[in-house]
Amino acid sequence: MLQSIIASHSQIHTAPETSFFSRIIPRLGVEYSNPEKMVDLRAIELVREDFSTMTGIELPSDFAGDDADISVRNLFERLMAYFNRDGKPIWVEKTTLHAKNLHVIKRFYPEARIVNVIRDPVACVGSMSVIRPISFSDLRIRYITSLYELSRLWNDCVSMSMEFPCKDQVMHVSYEGLVESPKETVRNICGFLKIQFEPDMLESFHHAAKNIFSEAGCPWQKKNLSRGVSSASIYKWRARLGPAKTWLIQRYTLRLATSLGYYQENMNSSRLLLLLAYAKDQVIRLVSATRIEILVRKTFVRVIT
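Conventions and cut-offs
- Residues numbered from 1 in each chain as written.
- Predicted model: local features only at pLDDT ≥ 70, side-chain atom pairs only at ≥ 80, totals over all residues.
- Heavy atoms only, no water.
- Buried < 20%, exposed > 50% of the residue type's maximum accessible area, 1.4 Å probe, protein only.
- Helix = DSSP H or I, 4+ residues; strand = E, 2+ residues; numbered from the N terminus.
- Pairing = 2+ DSSP bridges.
- Salt bridge = Lys/Arg side-chain N within 4 Å of Asp/Glu carboxyl O.

**As for the pairing of strand E5 (residues 114-118)**
Every regular strand shows the same layout, with side chains that alternate between the two sheet faces.
Point 1. Taking every second residue as pointing to the same face, the buried face of E5 carries Ile-114, Asn-116 and Ile-118, while none of Val-115 and Val-117 on the other face is buried.
Point 2. Across five bridges, the pairing between E5 and strand E6 (residues 170-174) is parallel. Each residue of the ladder has a partner; that of Ile-118, found in E6, is Ser-174.

Structure below.
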C-alpha cells in the first residue's frame, strides 16, 4: 500500500517486487554484489525467469536493451525503467526481504533513502500464514510453514533494518500510524524523501497499484486496488487467529515487539491448550525444516515438464 502511495507521486514510478538484492544477486554469485560487475546473457535471462516466477509477469527478451556489456547496476535500473511508462525521474522499489539486504543496496546507491514499514507482528505473521501457493508447482511459497518460521522472518527483517548503521538514511514507519493518520504520515515520509507532498497521493494510489499487481501471480495483492486507506485491518488478525496462535506469535516476537511498544495480551486460554498449540507448531517447524514438501513439488514439476 505504501509503495503505491509513494508511486502515485507525479515524480515517482515503481515496479513489481524485483527481489533483485535478495534473490538475483545471491543466485548470480557474491561477486555480483559489486555494482560495476559486468553481466552476461545468462544473468539477464536469470532476471527474466526469476521475475516471471516471483510476480507472474513476463518480461520481453530485450528488456535490458541491446548493449553487449552492461553492469549489474545497469541491469537493475533497466528492469525498473521497463515499468516507467511516463518517464518519471525517481523510482521506488519495494521487496520485503530487501530489509535484510540494506548493506548491498547501499553499495549500489550510497545516498538511497529507505522507508521501513513495521507492523504489529500478530497482524503481519497472521497475514503471511494464510498465503498459499497459487498452484502445486508454485515454489515461491510453502504449504507447510510454522508460525515460528514466519515470526523469525518478522524478527529478522525488523531488527536488521533497525540496526542499519546509516540511521539518517532510514525512516521507520508504523503501519498502524499510517492507516490511522495517513495524511500526516505520508507528509512526513515526503519530507524524509525530500519531495513535495501531493494530496492526490492518498486518493489515486489504487491506480498506481495496477502497475505492480498481477492477479494471476500475486492474488493477495488485490486489496491494494481498493480506493482509500482503512484502519479496519489493525486488529482483525487477533480475532481471526484466535488466542492460542496469537499467544504463540507474541511469545516468538516478545522482546522486539515490546521494545517497539506493541501491546502483548494476557491469554485466558488454559495452559494445556497453549502447550498443545506450541507443540503442534514445533512439529510443523521440524517437518518444514526437512524441506520434503519443496523436494516433492520440485520433483513433480520436473516430471510434468
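Now that the structure has been shown, we can carry on.
**Some words on the pattern of salt bridges**
Point 1. Under the definition given, this model contains eight salt bridges.
Point 2. As a salt-bridge pair, Asp-50 and Arg-23 come within 2.5 Å of each other at their nearest N and O atoms. Note that Asp-50 is positioned in helix H3 (residues 41-55) and Arg-23 in helix H2 (residues 20-28), a separation of 27 residues in sequence.
Point 3. Given the relative accessible area of 28%, Arg-23 is considered partly exposed.
Point 4. For Asp-50, the salt bridge goes to Arg-27, with nearest N and O atoms at 2.8 Å. Taken together, the residues span a long stretch of sequence, with Asp-50 in helix H3 and Arg-27 in helix H2 at a distance of 23 residues.
Point 5. Shared partners join several salt bridges into a network, and the residues in it are Arg-23, Arg-27 and Asp-50.

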